[in-house]
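One letter stands for each residue in the lines below.
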Amino acid sequence: MAAVLAMGISVPRHVLPLHELARARNVDPAKYRLGLGCKEMAVVAPGEDTVTLAAEATLSLLQNAPEYEPSKIGLLVVGTESGVDRAKPVAIWVHNLLGLSASCEVFDVKHACFGGTAALRMASLWADANPGRLALVVASDIARYPLNSPGEPTQGAGAVALLLGSCGRGEEVFTLSKRVGMYAAQVDDFWQPAYLKEAVVRGHYSISCYIESLKRSLEDYGEEPGNDPDFLVFHCPFPKMVKKAHAAMLEFLGKSYDVSEDFRRRVEPTLWVNERVGNAYTASVFLSLCGLIEALGGSLIGRTVGVFSYGSGSCAEYAVYTFGNGVKTSLDIKRRLDSREVINATQYERMRAECEALEQNGSYKGNVTNLGRFTFMGIQEHRRVYCGNNLRPE
Ligand code: COA
């Protein structure tokens, strides 16, 4: 049976503490910290985009797990809603930047924040059908709302890469349940018209669509045979949304638990990364999962997590994953978060404008400071220029 064998994450190198944004927007900081549950917002700088975040997460994965041979990767799927071209997938740049085998199916999957989860389930089926080969899934996104809008403090960015293959050695990070609860419905709660730079969102309506999808997915999943999952991960556009979702879940399932105590025990250990990164759309649910793994490590072996994924528009899934021995490997998340450069609101607005300028044809001047192992240098004759290509794990 196929399983996730290894994971890697990446986050932008700059971070804006939300009390700084609150000051700039003349908002009570308690609204962001307590009302939304957010502490910090990851900010992309010129040179970082959805592709470089995805490539960096993949390279981290391959370096974390040198026992898996990259040449065996026969499927690469990126789940994203912040793709950089309407035809060309993010995945093909990642494929090139990592120097993966040409014998590989490479494409993106899109359904708002649900894309990464859809890619994961598809890759799991592919891995079952192709024993001995590996599938790579990357969820990568930059969440962006208009300046000064209600969504602005929930912005963020990040990527999570997951390697799948047949398992049997007990080294898997987790296996996916075959049983899934699904729900799809056409709603206009959040979308990104091709002619706009930022998302259009009906924020309060999107919260009710999320909760409705959660209930319908649980209904479709049906009664859990045996015990409740040991932990719960929910798609996290902002941590307070998860609190609302957990309470709604207990009520819907008719559980008479103490809501706060159950939240503290089964949900809280999943949220610390999201609090410090912000929304990363497709990657958010996996950042929560990584946070849980980093927080509890080897004590998770043999335990289960119920995972709810929601994408506006809309499609949702509830499934249960079971952890294996692979949870013992550290993803080095805390060090990555602590080593980011702290910026203020003025610097954030300047970086945002510089990123926009780099997205224009002719922006390539060859002078973008190389921020990381992969860098987006700008656009030349309508072609995106990246550097850091063909890196292989050391
Ligand atoms: N101190 C503490 N809490 C405060 C506060 C203060 N000074 N001021 C407001 N709050 C609380 C509110 O009571 C509210 O809490 P509640 O939801 O438990 O009632 C919370 O902060 C948010 O306040 P609200 O006025 O509803 O915020 P908003 O209308 O400015 O924006 C969203 C909130 C979520 C609608 C907005 O951030 C958004 O559009 N986000 C993007 C869409 C999204 O992520 N959708 C999720 C589903 S996919």
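Residues numbered from 1 in each chain as written. Predicted model: local features only at pLDDT ≥ 70, side-chain atom pairs only at ≥ 80, totals over all residues. Heavy atoms only, no water.

Chemist: Account for the nonpolar core, with residues named and values stated.
Modeler: If you look at the biggest cluster of nonpolar residues, it comprises 47 residues, and the most contacted ones within it are Met7 and Phe174. No other element matches the 7 residues that helix α10 (residues 284–296) contributes to this core. Leave out the neighbours within four places in its chain, and Phe174 touches Ala3, Val4, Met7, Leu120, Leu162, Leu289, Tyr321, Thr322, Phe323 and Gly324. With 40 residues, the next largest nonpolar core counts Leu5, Leu97, Leu98 and Cys355 among its residues. (Core = buried A, V, L, I, M, F, W, Y, C linked by side-chain atoms within 4.5 Å. Buried < 20%, exposed > 50% of the residue type's maximum accessible area, 1.4 Å probe, protein only. Helix = DSSP H or I, 4+ residues; strand = E, 2+ residues; numbered from the N terminus. Contact = heavy atoms within 4.5 Å.)

Chemist: Residue-level account of the packing of aromatic side chains, with values.
Modeler: The full count for this structure, using the stated rule, is 8 aromatic pairs. Plain terms: the ring middles of Trp93 and Tyr386 are 5.7 Å apart, the flat faces sit at 55 degrees to each other, and that makes the pair tilted. Pair noted here: Trp93 is in helix α4 (residues 90–97) and Tyr386 is in strand β16 (residues 383–387), with a separation of 293 residues, a long-range link. The buried category is assigned to Tyr386, whose relative accessible area is 12%. Between Phe190 and Tyr281, the aromatic rings sit 5.5 Å apart at their centres with planes inclined by 75 degrees, giving edge-to-face as the arrangement. With Phe190 in strand β9 (residues 190–191) and Tyr281 in the loop between α9 (272–277) and α10, the pair connects residues that are 91 residues apart, well separated along the chain. Looking at Tyr281, the relative accessible area reads 1%, which means it is buried. Members of the aromatic cluster, each reached through a chain of ring pairs, are Trp93, Phe376 and Tyr386. Directly above the aromatic system of Phe263 lies the positively charged group of Lys243, at a separation of 5.3 Å from the ring centroid. (Phe/Tyr/Trp six-rings, centres within 6.5 Å; stacked < 30°, edge-to-face > 60°. Lys NZ or Arg CZ within 6 Å of the ring centre and 35° of its normal.)

Chemist: Go over helix α7 (residues 239–253), please, and point to the residues and values.
Modeler: One turn of the α-helix equals 3.6 residues, which is why residues spaced by three or four share an orientation. Counted at 1.5 Å a residue, the expected span for α7 with its 15 residues is 21 Å, and the 21 Å between its end C-alpha atoms agrees. Considered for burial, the residues of α7 that qualify are Pro239, Met241, Val242, Ala245, His246, Ala248, Met249 and Leu250. Its buried side turned inward, α7 meets α2 (29–36), α6 (203–221), β11 (231–234), α8 (259–266), α9 and β13 (315–323). (Expected span 1.5 Å × (residues − 1).)

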